[in-house]
Amino acid sequence: MSMAAIIVAVLSFVLAALLALMMIPVLVWLERRGAGLMQDRLWPNRTNVGGFRLGGVVQSFADVVKLVMKEEYYPSHIKMGKWLYMLAPAITFAAALLAFMVIPFADNIVIDGESLRVQALPVEYGIFWYMAIGAIGVVGIVFGGWLSHNKYSLLGASRAGSQMLGYELPLGLTVVAMLITYNTIDFNAMVQWQSATVFGIFPAWGIVVQPLAAVIFIIAMFAETNRAPFSVAEGESEIVAGFMTEYTAMKFAMYFMGEYVAMNTASAVIITMFFGGYQLPWVSTGYLLENFAIFAAVMMPLLPIGVFYFIRWMRKNNRVRASVSSDGGRLFETKVFTIVLTIMTLIIEMLLIYLILLPSDALGTAIAVTIFQIAVFVVKLMLFNLFFILVRWTLPRFRYDQVQHLGWYYLLPLSLINIFVTALIVVGVS
Amino acid sequence: MEKKIKIVPRYGVSLKDKLYLPAIYEGLKITFKHLIDNVSDSNAIDVLEYPEEQPTDITERYRGLHRLTHREDDSVACVACFMCATACPSNCIFIEATERTDNVDEKMPKRFAIDTLECIFCGYCVEACPCDAIRMDTGIFSLTGKNREDFVMEKEQLLAHKGAFGEENSIARK
């Protein structure tokens, strides 16, 4: 292995870990704040460190501190399988985290003629890894619910288990249809396939090529991650908190964080399979590499405009109302952020000028393209996470039998039909 | 007699309803519009910045913290009849009666305490009182303390609470 290969491998691993773990506080914040804004109210917005609220993200860290400091209550009625009871949340968390590791964040970067994967686990069977590891998460839920010796927990666990069975089938069958379409099990090759166009106009994204599969896959993903409207396993209005009823402090937080990591992973997989992964529509990596100077030239005016509008929005919104006497350091925060953002914009502008002057086959261009693709991926990931949150605060929860009905009677036959149609078309075209 | 029948349209039979996705789209549109509106101007959201802003819409019927009313000579209106303590579903009113020697009445409470941690603020004590001696019209909705004893309101504290809606003295005992 060359030095470059090691550096790329380490950096992609760090990036994956950061994207999965640092996304937890951001997602918790986004969920609470998004919920507030969608329901015309504010959000936890007072917590700050020296006046810096970061729009409320600090609250998530305060929550973590609270959960760590909390009494580690251990229910005395649990006699058997204590170690498994303690391990169960970790299984769920680890499964969600590991499943994220096969997502490609950018196309293979070519350094000195060596093609390197920008993927934490550089494997070629990405989708199988995801299906195998992602499904283990429910084992942690079943263990936790069963060993809690609590009827609500047991109900929650059995709901989670049977829901997983009901939706893993349509999920797997849509994946089969997508495998027939893409003719690969490698996530990165799937994204490369999606860089092309269909009929010369539309980007060949999975959702354009296979709209039915995309809908079924997204619905099944919502069920897999136990998110609303399929959150029957928690079902706080019916069964207290489902499988987490007996869990406290950090054990509970493990389940809670696992849920958000799973949601993040689900978003990443949906993007990679159906929304062109790290690619912009109509732009393949080769095209981007050749014409990066043009992209940089386009980005140069767009970036300051975007930053200008962001600062204007921040100045308008990051202030207290007239009725509140103390400013709480918001003016100072706005000032600091304005300065920092301006400096960052200037640095990026300089880098862009440097990149425009570089020849298109230089290493700098390849790195810039990779960073650009990572940025596109992160933006898409955040948008899809926002979609998950939007759905949660829009739809009421399905009744449990309706969940099963939808899975077994509609999604399963539809995904089977989809396979046949896909196979016929693929055979007919080739 | 003419039968009054209202025929309610049955939803959920058309293909559009059964698909469910158009309805989800409509719902998402509404929440997304609220999100965008509120993100673009979060100070326009109609909320109360509690505790800087205090609620102004507490009505006379609001059951706040209790108080003991006074007679016109500022003495306690309560005659320690134990009606409130009997009516109390959470048994949180503790009364010790004593003889009243100032010829205004025969009996008065020596101790009148309400454990507000036990109290469920149902207002039965107010309804049970024959002398209009206990009221819940203080408009006080938040009570804080450092230990449990702080939440047991004694007679002096209850007498010190002011009514928020003008009626200061007991109407039944002048």
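Residues numbered from 1 in each chain as written. Chains lettered and ligands numbered in written order. Predicted model: local features only at pLDDT ≥ 70, side-chain atom pairs only at ≥ 80, totals over all residues.

Draft legend 1. Highlighting the interface of chain B and chain A. Contacts between chain B and chain A engage 17 residues on the former and 17 residues on the latter. Split by residue class, the side of chain B that touches chain A holds 7 nonpolar, 6 polar and 4 charged. (Contact = placed C-beta atoms within 7 Å. Nonpolar A, V, L, I, M, F, W, Y, C, P; charged D, E, K, R; others polar.)

Draft legend 2. Region of interest: the sheet that holds strand S3 (residues 107-115) of chain B. All names here are of chain B. Strand order in the open sheet formed by 3 strands is S2-S3-S5, with antiparallel pairing between adjacent strands. In this open sheet, the two strands that pair with only one neighbour each are strand S2 (93-99) and strand S5 (152-153). As paired elements, S2 and S3 share 7 bridges and run antiparallel to each other. By the bridge assignment for S3, Ile 95 is matched with Phe 112. (Pairing = 2+ DSSP bridges. Helix = DSSP H or I, 4+ residues; strand = E, 2+ residues; numbered from the N terminus.)

Draft legend 3. Expanded view of the packing of helix H2 (residues 23-38) of chain A against helix H10 (residues 249-274) of chain A. Residues and elements named next belong to chain A. Relative orientation of the contacting elements H2 and H10 amounts to 95°, with a least axis distance of 9 Å. Here H10 runs roughly perpendicular to H2, going by the angle between their axes. For the pair H2 and H10, contact is made by Met 23, Ile 24, Leu 27 and Val 28 and by Met 257, Tyr 260, Val 261, Met 263 and Asn 264, respectively. Taken together, the residues of the contact of H2 with H10 break down into 8 nonpolar, 1 polar and no charged. (Axes fitted to C-alpha atoms, helices over the stretch in contact; angles between N-to-C directions. Parallel < 35°, antiparallel > 145°, perpendicular 65-115°, else oblique.)

Draft legend 4. Expanded view of the domain arrangement of chain B. The domain boundaries assigned to chain B delineate domain 1 (13-47) and domain 2 (67-160). Relative placement of domain 1 of chain B and domain 2 of chain B: their C-alpha centres are 50 Å apart. (Domains from an automatic or database assignment.)

Draft legend 5. Structural context of the nonpolar core. One finds Phe100(A), Ala160(A), Phe217(A), Ala220(A), Val261(A) and Ile270(A) to be the most contacted residues of the largest nonpolar core, which totals 91 residues. It is H10(A) that provides the largest number of residues to this core, a total of 15 residues. Among all residues touching Phe217(A), those that are not within four sequence positions of it are Leu171(A), Thr174(A), Ile270(A), Met273(A) and Phe274(A). In this structure, Val76(B), Cys78(B), Cys88(B) and Cys125(B) belong to the second largest nonpolar core, which totals 20 residues. (Core = buried A, V, L, I, M, F, W, Y, C linked by C-beta atoms within 7 Å. Buried ≥ 20, exposed ≤ 12 C-beta atoms within 10 Å, placed from the backbone.)

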